Amino acid sequence: MAAAGSSPSIVEYFGGEDGYRCGYCKNETGNLSHGMWAHSMTVQDYQDLIDRGWRRSGKYVYKPIMNQTCCPQYTIRCQALHFQTSKSHKKVLKKMLKFISKGDVPKAANEEEPMDSHIDDVVACDFAYRSESQVSQSELTPLSVDHTERVENEDKDPGEREEEVNVQKVVSGSLQICARKDTPVAGEPSRSAKIVHAPPKPGKGADLSKPPCRKAKDIRKERKLQKLLQNQMCALEGSQPHRGDQVSLLQNSKSKPNQPKTIEDFVFVSLPDDARHKLEVRVVRSSPPSSQFKATFQESYQVYKRYQMVIHKDPPDKPTINQFTRFLCDSPLEAENAPNGPECGYGSFHQQYWLDGKIIAVGVIDILPYCVSSVYLYYDPDYSFLSLGVYSALREIAFTRQLHEKAPDLCFYYMGFYIHSCPKMRYKGQYRPSDLLCPETYVWTPIEQCLPLLEHSKYSRFNQDVKAVDEGRIKELGRVRVLHKRTVMPYSVYKKRRKGPSDEASVQQYASLVGQTCSERMLLFRS
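In this text the structure is predicted, and so the values were computed from the model without any measurement.

**Observations concerning unusual backbone geometry**
In this structure, P288 follows S287 across a cis peptide bond, with omega equal to -10 degrees. Topologically, P288 is positioned in the loop between β7 (279–287) and α10 (291–295). Looking along the chain, the bond that leaves R432 and enters P433 is cis, with omega of -5 degrees. If you trace the backbone, P433 turns up in the loop between β11 (412–418) and β12 (434–437).

Here is the structure:
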C-alpha cells in the first residue's frame, strides 16, 4: 500500500510511566500507561498498534496499563458502513440544517454535548512534555542496507543465512504495508448479490434495453445536489469532488422507500438558493503541512486557544502555539499514497469547518488503512449551540463512508477510548453499531456484550473463550528489530554487542505490548 522504499517506523520505548493524575476520577497518581516516542511511523504500523490498544498524542504513543490504571480505557470503533443515525443524532443534523438554511438559532443550548470535550485527549496532551525524545536526527538515520544485512547475518551459521536472505526480502516487502487479505475484519459489509432481471414478455413491462424514464422532480433534485456537492461538501485540499464521488454520494443520499434516512440524507441535503449561511468542510494535510494548512494555521490556532480557555478553563498562557503544534499538528505518521487508497492519501489531517468564510471548528483526524481515527476536536465557543461535537463526529462517520468508496478496506471510525467508569465518557457508546477491543486477546467484541461485564467490573476481558490467547504475541525476542549506532540489526545481534547491564526485560516488555508483527517491522532505537 505504501510507496516502495518507504522508511520504517522508528520508536524509542520509555516503559511504564509513574502514576500521574487522572483526568476522569481526579486520582493524583492512579493513571498508569506504557509509552514510546515515535520519531516516524508508517500508517500500517499505527493501525496495528491502535488495534492493540495504543493511541497517539502528538508524537507520543501510549497504552494504558488496563488492569492497573484507575479508569481503564478501551479502544472503541464504530462500524461506519452499518451506522444508523439515532433520534438525538438526527436532532443535531436538523438543527445545523435549519441554521444554515434559515439562520435559526435554538433558544436553549443543548445540555448534552457528547463528543465535545474529548477529555481523554486533553489529559493525553501532557504526555508530550513529560516524555519528549532527546535523540538527534543524525542518530536516527540508518546506514546503507548492505551494512545492515551484514550485521543481521552476524550470529547465523551459513545454512541459516541463505534461508534468512529470503525472509529478509519478505520483511522489507512488508514495509509496503499491504492490507491483510487473510484476516477477516469484523463488521465487513457482505457483498450483495447481483439482481438478474428477466426480460419482459412482449407488450408487458418496461423495455430494459432503454434508460428508464425519470421524473422532472428527480432531475431537478439531482441538479441541486450536484450544485451543493460542488459548493458545500468536503473539499479535499480545496479541490472539487470527482464525478465518481458525486455519483456515489447522490445515490447514497436518495432515500429508499420504507427505509430510515442515511447520514448522507442529512449531510448532503439540497439547500435553498437563498440559504442564510454557507458551510464548507475542507480536509487539509497537517503533517507534513500542506500549503492550505500553513495558510490557515494562525486562524485555526486562535480557534483552539479560545476553545481551551472557554470550554476547558485553561489560563491564557497555557494554550500556546508551541503546545498547539506539538499536541495537534506534529504527527509521526508518514504521508502515504496508494492506487487503491483514498485520493487525499493516508496520514494526519485537519478537517476544517468553514462557516461564511471563517473557521468555526477543526476535527483532527488520522486516515489509516482500515479506518478514520478521531484525535481531537476544537471549535469556536460562540457556536456551542450547534452541538459541534456531535455534528463533527457524524460528519467524520460520513467521511469514512465516502473514503470507503475509493478504499474498500477503509470502513471503520475509531473514536479513541471508551471509559465506562467515567459516566461523562460513555457517550461514545451511542454511535452504533460499535465494538470494544478485548484488553487481553485484542479481538473486537460488540459493545452490547461488553456493557454487562463493565457494570460488574471496571476492568474486564471481553473474549469469553477462556482458551483464547493474544494471537499476535511475541514468540521470538531475538527477531525484534533494533536501530543501534545507525545500524539496523535483530535484537539477538545487538544483545551480544551491548556493553553494560542487560536491557532484555525492557525489550521483552516493549515487544509484548506492540506484538510480534510490529516488533519485526518497526525499529527500536537503542543508544
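Here the narrative resumes.
**Structural notes on the pairing of strand β2 (residues 33–40)**
Burial runs high along β2: eight of the eight residues are buried. Where strand β1 (residues 10–16) and β2 come together, six bridges link them in antiparallel fashion. Following the sheet pairing, G16 is matched in β2 by H34. Two strands pair when backbone bridges link them, and β2 and strand β4 (residues 60–64) are joined in this way by five bridges, in the antiparallel orientation. Counted as the bridge partner of H34 is K63 from β4.

**What about the environment of Y414?**
For Y414, the position within the fold is in strand β11. Non-local contacts of Y414, meaning those with residues more than four positions away in its chain, are made with Q47, I50, D51, T75, I76, R77, C371, V372, S373, S374 and W444.

**Concerning the pairing of β4**
Burial runs high along β4: five of the five residues are buried. Side chains Y60, Y62 and P64 project from β4 onto one buried face, and the interleaved V61 and K63 project onto a second face that is buried too. Connecting the antiparallel pair strand β3 (residues 55–57) and β4 is a turn made up of two residues, with G58 showing a positive phi of about 65 degrees.

The rules we used
Residues take numbers from 1 onward in each chain, read along the sequence in its written order. Given that the model is predicted, a residue must reach a pLDDT of at least 70 before its local features are reported, and side-chain atom pairs must reach 80 or more before they are shown or counted; all residues, however, enter totals for whole chains, interfaces and linings. Values reported for side chains reflect all heavy atoms of the structure, with hydrogen atoms and water molecules removed beforehand. Secondary structure follows DSSP: runs of H or I at least 4 residues long count as helices, runs of E at least 2 residues long count as strands, and numbering of each begins at the N terminus. Burial status follows relative accessibility: with a 1.4 Å probe on protein chains alone, a residue under 20% of its type maximum counts as buried, one over 50% as exposed, and anything between as partly exposed. In this scheme, strands are said to pair when DSSP sees at least two bridges between them. In this analysis, two residues are considered to be in contact whenever any of their non-hydrogen atoms come within 4.5 Å of each other.

Fair warning: the whole summary comes from geometry, so function is off the table for now.
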